[in-house]
Amino acid sequence: MSWTAFILALAGAAATSTTSVKAEATVKPGVEVLRVKRDFGKPHFDLAIDAWLDADATRLDEARLWWVNTAEQDRRKPLGPMVERMVKLRYRRGSSRSLTVTVTGDGKEFAFVVELGEAGQLHAFVAVDTDDGRHVARCRTTSARLIAHRVLGLPVGLARVSVTCKDEQGAVHKGTVRHREV
């Protein structure tokens, strides 16, 4: 699967998902953990990782990556079959307070670890190669953006996932999410 196909699917699939409105409406609202902006495709569609807690807010029950339609009051919808043919999403439980969201496509794997903190807050952590050449193995993501590789101004692949994040000491870093070759 090529990143070109992935980028084109992300750019256009949001508006063509066949998921029923009824199915979308039955999902109780989650908590947005991370919003992922894009520098390509339809400007009113972002990606988001949302999470759900148990009734006591002591267990992370679920996390999900999906489209956010900003033109429709941030309405959520699944990625849809076209995108799911090109990228694989996996959700793996690390503990009762931790889930890993893994996105795999074109031989690359990106992982976002969603965690429930001691004070009840939700965060997404990534491994980051910083713009100044350092590596931060665990960085709390505060913003993310998919950056397209372009040829003659057209998106033809994914260049990187840029993030701003904070390390365990609270220092702010800007960089690229480290991916694993698969």
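For the structure, see preceding data.
The shown structure was predicted, so the numbers you read here are calculated from the model rather than taken from an experiment. (Residues numbered from 1 in each chain as written. Predicted model: local features only at pLDDT ≥ 70, side-chain atom pairs only at ≥ 80, totals over all residues. Heavy atoms only, no water.)

### What about the state of the cysteines?
In step 1: This structure, assessed with the given rule, holds one disulfide.
In step 2: Each sulfur in the disulfide pair Cys139 and Cys165 lies 2.1 Å from the other. Given an S-S torsion of about 85 degrees, the disulfide between Cys139 and Cys165 has right-handed geometry. Within this pair, whereas Cys139 is found in strand β9 (residues 135-151), its partner Cys165 is found in strand β10 (residues 154-166), the two being separated by 26 residues in sequence. (Disulfide = S-S within 2.5 Å. Helix = DSSP H or I, 4+ residues; strand = E, 2+ residues; numbered from the N terminus.)

### Here we look at the packing of aromatic side chains
Centre distance and the angle of the planes are the two values used to describe a pair of aromatic rings.
In step 1: One pass over the structure, following the stated rule, counts two aromatic pairs.
In step 2: Ring centres 5.9 Å apart and planes at 75 degrees place the aromatic pair Trp52 and Trp66 in the edge-to-face group. Here Trp52, found in strand β2 (residues 45-53), pairs with Trp66, found in strand β3 (residues 60-69); they are 14 residues apart in sequence, far enough to count as distant. Each member of the pair Trp52 and Trp66 is classed as buried.
In step 3: Just above the ring of Phe125 sits the side chain of Arg138; from NZ or CZ to the centre is 3.8 Å. (Phe/Tyr/Trp six-rings, centres within 6.5 Å; stacked < 30°, edge-to-face > 60°. Buried < 20%, exposed > 50% of the residue type's maximum accessible area, 1.4 Å probe, protein only. Lys NZ or Arg CZ within 6 Å of the ring centre and 35° of its normal.)

### Here we look at the side chain of Asp46
In step 1: Topologically, Asp46 is positioned in strand β2.
In step 2: For Asp46, the side chain forms a polar contact with the side chain of Arg35, separated by 3.1 Å.
In step 3: A polar contact is formed between the side chain of Asp46 and the side chain of Lys37, at a distance of 3.0 Å.
In step 4: What Asp46 contacts, discounting residues up to four positions off in sequence, is Arg35, Val36, Lys37, Trp66, Trp67, Val68 and Thr70. (Polar contact = N/O pair within 3.5 Å; in protein donor to acceptor, adjacent residues only side chain to side chain. Contact = heavy atoms within 4.5 Å.)

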